[in-house]
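Secondary and tertiary structure notes
Residues per chain are reported as follows:
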Amino acid sequence: MDFDQGSALATMSVIGEFVERLAAVDGFAHGPMPSPNAMATAIDLSGDPGVYLGWDDVGVSRMHQSLQAVGWRRLEHSISTENRLTEQQRMSEVTLGITGADGGIARSGSIALRSGPGRPRMASLIAGTHIAFLSVNRVFPTLVDLSLPSLDPASVSNVVLITGPSRTGDIEQQLNLGVHGPKQLHVILISD
Amino acid sequence: MVDVSLFTTCLVQGLYPQVIEATVEVLSRAGCQVRIPKAQTCCGQAPFNTGLLEETRRLATKILDDLEGSEPIVVPSGSCADMLTHHLPHLFEDSPELQRRALAVSQRVTELSSFLVDQLGVTDLGARFDATVAFHNSCHGMRNLGLGPQAAALLAKVDSLRLVKLSRPEECCGFGGLFAVELPEVSAAIMASKLADVEASGAQYVVGGDASCLLHLAGGLHRRQSAVEVKHLAEVLASR
Amino acid sequence: MTTYRERSQVGVVDPRIAALQRGTDRFRSHRAEAVSDFAEMDEMRDRARAIRHRVLADLSGYVEQFTGSVERVGGRVHRAADSEEARKIISELVADRIGAPIIKSKSMATEEIGLNHHLEALGHEVVETDLGEFIIQLAAEPPVHIIAPALDRTRHEIGQLFSDHLGVPFTSVPTELNQIARLHLREIFLRAGVGITGVNFGVAATGSVVTVTNEGNGRLTSTTPSLHIAVMGIERLVPDLADLEVMLEVLARSATGQRLSVYTNIITGPRRVDEPDGPDALEVVILDNRRTSLLGTELEEVLGCIRCGACLNACPVYRHAGGRSYGSVYPGPIGAVLSPALFGFEQFGDLPYASTLCGACLEVCPIRIDLPRMLLYLRQQTAATHLLPSVARGVRYFTALGTRPALWRGGVRLASALRRIGPRWITRMPGPGRGWTSTRDLPWRR
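Residues numbered from 1 in each chain as written. Chains lettered and ligands numbered in written order. Predicted model: local features only at pLDDT ≥ 70, side-chain atom pairs only at ≥ 80, totals over all residues.

Broken down by element type, chain A carries 5 helices and 12 strands. Taken over the C-alpha trace, chain A has a radius of gyration of 17 Å; the compact-globule value for 192 residues is 16 Å, and the two agree within 12%. Projecting the C-alpha coordinates of chain A onto the three principal axes gives extents of approximately 60 × 45 × 35 Å. Expressed as a percentage of its 192 residues, the buried residues of chain A come to 53%. Across chain A, the fraction of contacts at a sequence separation of at least 24, relative to all contacts at a separation of at least 6, is 73%. (Helix = DSSP H or I, 4+ residues; strand = E, 2+ residues; numbered from the N terminus. Rg over C-alpha atoms; globule rule 2.2 N^0.38 Å. Buried ≥ 20, exposed ≤ 12 C-beta atoms within 10 Å, placed from the backbone. Contact = placed C-beta atoms within 7 Å.)

Put into C-alpha cells, the structure is as follows:
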C-alpha cells in the first residue's frame, strides 16, 4: 500500500469515528458528500420554512439563496449598544441556525466554531435546529490533534467546541435534549 | 524455616484472640517459625486517625523497640500494615535516628495475605471451609497496599468454599476507626448498604483481612438479627 | 450553629438520600466507562496534576500574565481579596442596570460569596439559568452537589415548584418540565442586562475564560447581555491553550463521563467591533478569599481542584449523609478540606472528621489530590477543639495503657477472663462506647 492510500484509509477511519461519536452524543452526521449534495441535504433537514440565522459564509456556496428559494427568511443579525434588546427580541422567531465549522474532533464527535465578522454566536445557539457544514479535511482524531492554538482563540471573542445538542440531566438525571440550546444538531460533512 | 515476627494488632489481642492462633497456624503450615514479640501493643493508628499526633508518636516510638530485628513482620490487618508501612516513618521527620529505625521497621512489614502469596508464593494451605463466603476487601489494604488478589488466590484454594461476589466490592463498610463512634449514624448508614449487599449475595460468611471492619460488620449483622457471620481470612485458612 | 454530627443525623434519614445515591451511582458508572474507554487517562491525570502544580508554584506570576492578556483583548480584571470585596466590585459593576434582569450560569465561586442574596437586597432581579440551579433557586435551598445542584430532587417536587412559582399547570413529566424552563428562561435571556458566569479555567497566555456546560445557558449568559461578568477563583488558571486541552480531557470524563461537555466555551475578551454579537464589555473578577494563604502550606494541593465532583460521587459519607450535612457550599471530601481551609476552623473544624479515610476520593480525583492526607492533617489542627471530648479522653487512656506493656497485658488478660462470663453480645455501653452500641452490638462471650 502506498502512502496516499494509507493516509486516505486513516482519514476514512477518523471520519467513521467522528460519525459514530456524534451519534453517541445524540447528534446527526451526514455524508461525507460533495457541496451540491450537502446543500440539498441541508434543505431537506431544514423542515418547515421560517426565520433562520446563519453565518455569511457557511462553506457551501449559494446556501442562502437556496434556503430563501424554498421560503426561508434570513434574520440579519448585528447588534449594537443601542439596538441590543430590540434586536434580541427578534431571536424568538428563529427556528434554524446554519453555520460552518472550523474543525472537528473524531474521538468526541465535537465541532469547533470561531466567532468573527459575519459569524453570529447565536446561530449555533438560539434555534431548535443547528445545521453545521464541516469539511472532512478539518476532522482530526483528537482535541490535541485539532489543537486549540490553531484556532487562534485570542483573535476573536469566542471559540466554542460543541459536542452534540444541548442536554441536561438535572431532573432525576433523565436525559433531556435542547434545554437552552438546539435540540437537534446536524453536521454535514463535505468531501470536496 | 522462615523466621517471622507477628504483629498481632491491639484489636485482635483484645477482641479477636482467635485470629492470633489462626495466623500462627497458617504461617506454620506455610513453613514459618513464628515469634510474637511480647511487649507489643498498638501501631498508633487509633490516635493517628483522630489527629492526636503526640499520642501517635508515643505509641510509635514504643513500636520501634518492640519490633527491633531483621526478620519479616507479618500483620493480619491491612490498615495496621498500611500504618506501619506508610505513616510510621513520617512521624519522625525531626528525628533522623528514630526515622531511620522507623524506615527499617516499615520495610519489614507485610500484611498476612500478601506475605503468603507475594513473598512465600504459597496459595494452598490445605484448608477446608464448607460455606458460601463473600470477601470484604478493606479500604486501606486495597487502596494503599494493593491487597485483594492475594486473598482471592488463597480463598480459591480452600476446599469446599464457595466464593460469591459482592455487587460493590470496593465500597467502604463505614467503620473508619473512631469514625464509627464519633459519627455512629453515618457509620451505620454506610454499614447498612454493605450488609444489604452481603445479604443479597447469598453468603453465609463475610470474610475479611481486617478484624476492625469485621467487628463492625459482626455487630451490625447481629443487631439486624442476620444469620450471616464474620470470619477473619486467617481463621478460614486455618480451618480443616 | 449546628455541628456536622447534628446535621448528619438529619441527613441519613432524609428520604431524598435514595435519589442522591441513584444520581451519584449514575455519575460513577458513567465515569468508569469513560475512563476505561480512554487509554491515556492515567497519563492525562499525571499531566493535569503537573499543570496545576506549575500554576500554583508561581500563582502571582500567572495572575499577572492573565491580567495583562485579558486587558490586551479589551477586558478588565478586578482582584477581590475576600467575599465582601467581590460582592462590592460586582454590585458596583451592575449598579446602573437595575430594571433588566441579571442572569447567571452555575458558578460555585458566586455561591461561595453569597452573591445572589446580596444583589437581590440591592434591588436586582437575579435569575439562575442552569436548570438544576434554577430549581434550587425556586426552592430557596443551597446546592446539594457541585455539578448537579438539584441531584436529590424528584420530578414531582420540581413539578410542584414550577407550578407554585411559574404559574403553570402541574406536570411531573421531565420533558415538559424542561420545556417550561426553556420557555420561561428564554424570554429572560433575551432581555437580560448582565450575565454572570463562573470560570472553569482561565488561560494565562491568551486571557481566555473558559466555561464548560451542557445546557447552553453558559453560552447564552455570556452572549446576550451587554455586560459579561466572569467570577473566577484565583487558582483556576492554566498557563496556555495546550494545557487547557489536557484539563478538558480529564474534566468531563471525571465529572459526568462525557468525553467533552456539550459546550466548551472559550471567551477571549468582549465582542470585537466587527463581530455581530456578544457582550460589549467583559469584566473578570478574581476571587482570593484565603486561597493564596494556602500556598506553601500542607493544604496547597487542594487548590489544584477543578470542581468535577468525582470525589463526592465516590464518597460513602457524602452518599449516605448527603450534601447538606456539610453545611457548606462545598460538600463532600473536597468540601471537608476546602471549607475549613477557606472559611475557618471555628465553623467547619469538624468536617475533616466526616470521613472514613477510605481513599475512594483520591482514587477518582483527576488531579490526584491527596484528600485523605489533608483530612488527617486538618484533624491534627482541629483535634484539640473539634474531637469529641469523650473520644479524645478514651484515646489518651488507651495510649497510656499502650505505652505500659505490663499493664497492657494485664488488661488483655482481664478482658479475656471477662469474656468467659457475661452475655454473648453487648448491646449497650456507656461513654464513648455508646456511639458503638447505638447502632451495633459488640461480640463478647467466647
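Quick look at the overall build of chain C now. Across its full length, chain C holds 21 helices and 12 strands. Relative to a compact globule of 446 residues, whose C-alpha radius of gyration would be 22 Å, chain C shows 25 Å and is just as compact. Oriented by its inertia axes, the alpha-carbon framework of chain C measures out at about 90 × 55 × 45 Å. Classification of the 446 residues of chain C by burial places 56% in the buried group. The long-range share in chain C, meaning contacts at least 24 apart out of those at least 6 apart in sequence, stands at 73%.

This brings us to the nonpolar core. Core analysis: the largest hydrophobic core is formed by 265 residues, its most contacted members being Leu217 and Leu237 of chain B together with Met247, Leu287, Cys311 and Val337 of chain C. It is helix α12 (residues 241-255) of chain C that provides the largest number of residues to this core, a total of 9 residues. Here Cys311 of chain C is in contact with Gly332, Pro333, Ile334, Cys361, Val364, Cys365 and Leu371 of chain C, once residues within four sequence places are set aside. (Core = buried A, V, L, I, M, F, W, Y, C linked by C-beta atoms within 7 Å.)

Moving on: the interface of chain A and chain C. When the parts of a complex come together, some accessible area is lost, and that lost area is often used as the size of the interface. Listed by partner, the interface residues are 48 residues for chain A and 58 residues for chain C. Contributions of two or more residues to the side of chain A that touches chain C are made by α4 (84-89), α5 (143-146), β9 (158-162) and β10 (167-168) of chain A. By residue number, the principal contributor to the side of chain A that touches chain C is β9 of chain A, which donates 5 residues. Grouping the amino acids of the side of chain A that touches chain C by side-chain chemistry returns 20 nonpolar, 22 polar and 6 charged. In this structure, β9 of chain A lies alongside strand β9 (residues 263-267) of chain C, joined through 5 bridges in antiparallel fashion. Bridge pairing in β9 of chain C places Val159 of chain A opposite Ile266 of chain C. (Nonpolar A, V, L, I, M, F, W, Y, C, P; charged D, E, K, R; others polar. Pairing = 2+ DSSP bridges.)

Looking now at the interface of chain C and chain B. Listed as interface residues are 46 residues of chain C and, on the opposing side, 45 residues of chain B. Going through the elements one at a time, α1 (4-11), α14 (316-321), α17 (360-364), α18 (371-386), α19 (389-402), α20 (405-418), α21 (434-437) and β12 (442-443) of chain C are the ones with two or more residues in the side of chain C that touches chain B. No other element matches α19 of chain C, which puts 7 residues into the side of chain C that touches chain B. Split by residue class, the side of chain C that touches chain B holds 26 nonpolar, 14 polar and 6 charged.

Model confidence for chain C is summarised by a mean pLDDT of 96, while 100% of its residues fall at 70 or above. Predicted complex metrics record ipTM = 0.96 and pTM = 0.96. (pLDDT = per-residue confidence, 0-100.)

Looking now at unusual backbone geometry. Residues and elements named next belong to chain A. A cis amide bond links Gly31 to the next residue, Pro32, at an omega of 10°. Locating Pro32 in the fold gives a position in strand β1 (residues 28-33). The phi dihedral of Asp26 is positive, around 70°, even though this residue is not glycine. In this structure, Asp26 sits in the loop between α1 (3-24) and β1.

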